[in-house]
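# Breakdown of the fold
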Amino acid sequence: MGKEIKTIGVLTSGGDAPGMNAAIRAVAREAIHNGCRVMAIKRGYKGLLNEEIEEMKSVDVAGIIQQGGTILGTARCPEFKEPEVQAMAAEICRKHEIDGIVVIGGDGSYRGAQALARHGINTIGIPGTIDLDIACTEYTIGFDTAINTAMEAIDKVKDTSSSHERCSIIEVMGRRAGYIALWCGIANGAEDILIPEEYDYDEQKIVDHIIMNRRYGKKHHLIINAEGIGHSTSMARRIEAATGIETRATILGYMQRGGSPTCKDRYIASIMGAYAADILAQGKTNRVVCYTGGQYVDYDIEEALAMTKSIPEYEFQISKNL
Ligand code: ADP
Ligand code: F6P
């Protein structure tokens, strides 16, 4: 096996996600259990470059499992794509005697981890994003909390929309992926679900659907629109003009990324965090922890980044019949 791991670092990078704190806690507690020293790295790769590094004891992660966000802070750090910056970061790790790092984030963050691994710092990635858009894993930390937060908000908009007999377009997050939209669309009983993977930009079809539903006596028409399509406000204006039915757009935005994590997010984040600390202790490097077929597994980052996944076609198709 590889080099002995005495000190590990942990950082969160990219967009935050509920459950990241549970993952941080599990990484720290399991690593300490394995006899390692743990260093908290603040503000992602930016904090690493600024040497915002301090030792984290077991007590420092007490009382955080139920908190949204990330106690370490997160940041985007575009300069981390530059080879000389990556080499400098590895030198900073050596200076602080950090043998390995757990990176909690998305695909972009894994590329940073990959670069550190090339420079001799053992790295393990953990999937943390509300978007569920990481191909190598069936679950990403934060998704369950985000869809439940969005679902509750959408129920509320639907109440007022029905009272006023309006059409509502509700935009949910997901970057270029439609998972949040699909799950909420089905769970909220939406009349239309627009996701970038499937949308044909035929607005007339939506207009016809709204008019037909109104004839059948429906008091509301709920459209869940994914961020990857966007333009909800102008879409609402066009739909109102074409149907004569009052139409409002609601963009849920960052409220979907906050809040106390659900049980599922706390549980999966805890297992993934401990798993990451364990494989790091075994000397593994350049790996990402994944949840696949009911099992926790790890893949080489290169291999993981080359994987693709698509929206479940059957689930999307049946959503139209419900
Ligand atoms: P996510 O990790 O959620 O996909 P980003 O794509 O914004 O979020 O990436 C987070 C951070 O990871 C970036 O700000 C940058 O510091 C680092 N990163 C992204 N892409 C690369 C890359 N190609 N090489 C090295 N580091 C990268
Ligand atoms: O990746 C999570 C996410 O919330 C996406 O759904 C969204 O596109 C993006 O982050 C927004 O990022 P930022 O915080 O940089 O605005």
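Everything numeric here is computed off the predicted structure, so don't read it as measured data.

The subject of this paragraph is the overall build of the protein chain. When its secondary structure is counted, the protein chain shows eleven helices and eleven strands. Relative to its length of 322 residues, the protein chain is compact, with a C-alpha radius of gyration of 22 Å against a globular reference of 20 Å. Seen along its three principal axes, the alpha-carbon backbone of the protein chain occupies a region of about 70 × 35 × 35 Å. Of all 322 residues assigned to the protein chain, the portion counted as buried reaches 53%.

The parallel open sheet is built from four strands, whose spatial order is β7-β8-β6-β9. Sheet topology places β7 (192-194) and β9 (247-251) at the edges, where each strand pairs with a single neighbour. Going across the sheet, the axis of each strand differs from the next one's by a mean of 15 degrees, ignoring polarity. Bridge count between strand β6 (residues 167-172) and β9: five bridges; the pairing is parallel. Along β9, the bridge assignment pairs I169 with A249. Contacting β6, β8 (221-226) and β9, helix α5 (residues 143-163) crosses the sheet at an angle of about 165 degrees to β6.

Looking at the protein chain, the domain boundaries give domain 1 (7-142 + 261-306) and domain 2 (144-257). One C-alpha centre belongs to domain 1, the other to domain 2, and the line joining them spans 35 Å. Between domain 1 and domain 2, the contact holds 14 residues from the first and twelve residues from the second. At the boundary of domain 1 with domain 2, total buried surface from both sides reaches about 1,100 Å², with 53% on carbon and sulfur atoms. The tally of links from domain 1 across to domain 2 stands at two salt bridges.

Turning our eyes to something else, we now look at the pattern of salt bridges. Under the criterion given, the structure shown has 17 salt bridges. Between R37 and E97 there is a salt bridge, with its nearest N and O atoms 3.8 Å apart. A residue pair is termed long-range when its members are at least 10 positions apart, and R37 in strand β2 (residues 37-41) and E97 in the loop between α3 (83-95) and β4 (100-105) qualify at 60 residues. Under the relative-accessibility criterion, E97 is labelled exposed at 52%. D200 serves as the salt-bridge partner of K205, at 2.5 Å between the closest nitrogen and oxygen. Among the residues examined, D200 registers a relative accessible area of 43% and is labelled partly exposed. Each of R37, E55, K57 and E97 takes part in one network of salt bridges that share partners.

This next bit is on the environment of Q66. Relative to the assigned elements, Q66 resides in the loop between β3 (53-55) and α3. In this structure, the C-alpha to C-alpha distance between Q66 and T160, residues 94 residues apart in sequence, is 31 Å. Sequence-distant contacts of Q66, that is, excluding residues within four places in its chain, are made with S260, P261 and R266. A distance of 3.1 Å separates the side chain of Q66 from the backbone oxygen of G63, its partner in a polar contact.

Okay, the layout of surface pockets next. Size it by volume and the largest pocket reaches roughly 1,000 Å³. Lining the largest pocket are 42 residues, and of these R76, G106, D107, G108 and R175 lie nearest its centre. Considering every element that reaches the lining of the largest pocket, the biggest residue donor is helix α4 (residues 107-118), with seven residues. The class makeup of the residues in the lining of the largest pocket is 15 nonpolar, 13 polar and 14 charged. No fewer than three residues from each of domain 1 (7-142 + 261-306) and domain 2 (144-257) sit in the lining of the largest pocket. Roughly 410 Å³ of volume is contained in the second largest pocket. Lining the second largest pocket are 15 residues, with D192, I193, K205, F316 and K320 positioned closest to its centre. Put simply, the parts of the chain that give the lining of the second largest pocket at least two residues each are β7, α7 (203-215) and α11 (313-319).

Reading the values: the criteria
Residues numbered from 1 in each chain as written. Chains lettered and ligands numbered in written order. Predicted model: local features only at pLDDT ≥ 70, side-chain atom pairs only at ≥ 80, totals over all residues. Heavy atoms only, no water. Helix = DSSP H or I, 4+ residues; strand = E, 2+ residues; numbered from the N terminus. Rg over C-alpha atoms; globule rule 2.2 N^0.38 Å. Buried < 20%, exposed > 50% of the residue type's maximum accessible area, 1.4 Å probe, protein only. Pairing = 2+ DSSP bridges. Axes fitted to C-alpha atoms, helices over the stretch in contact; angles between N-to-C directions. Contact = heavy atoms within 4.5 Å. Domains from an automatic or database assignment. Buried area = accessible area lost by both parts, 1.4 Å probe. Salt bridge = Lys/Arg side-chain N within 4 Å of Asp/Glu carboxyl O. Polar contact = N/O pair within 3.5 Å; in protein donor to acceptor, adjacent residues only side chain to side chain. 1 Å grid on protein atoms, 1.4 Å probe; cavity = no way out; pocket = protein on both sides within 12 Å on 5 of 7 lines; lining within 4 Å. Points joined across faces, edges and corners; volume = space filled by probe spheres on them. Nonpolar A, V, L, I, M, F, W, Y, C, P; charged D, E, K, R; others polar.

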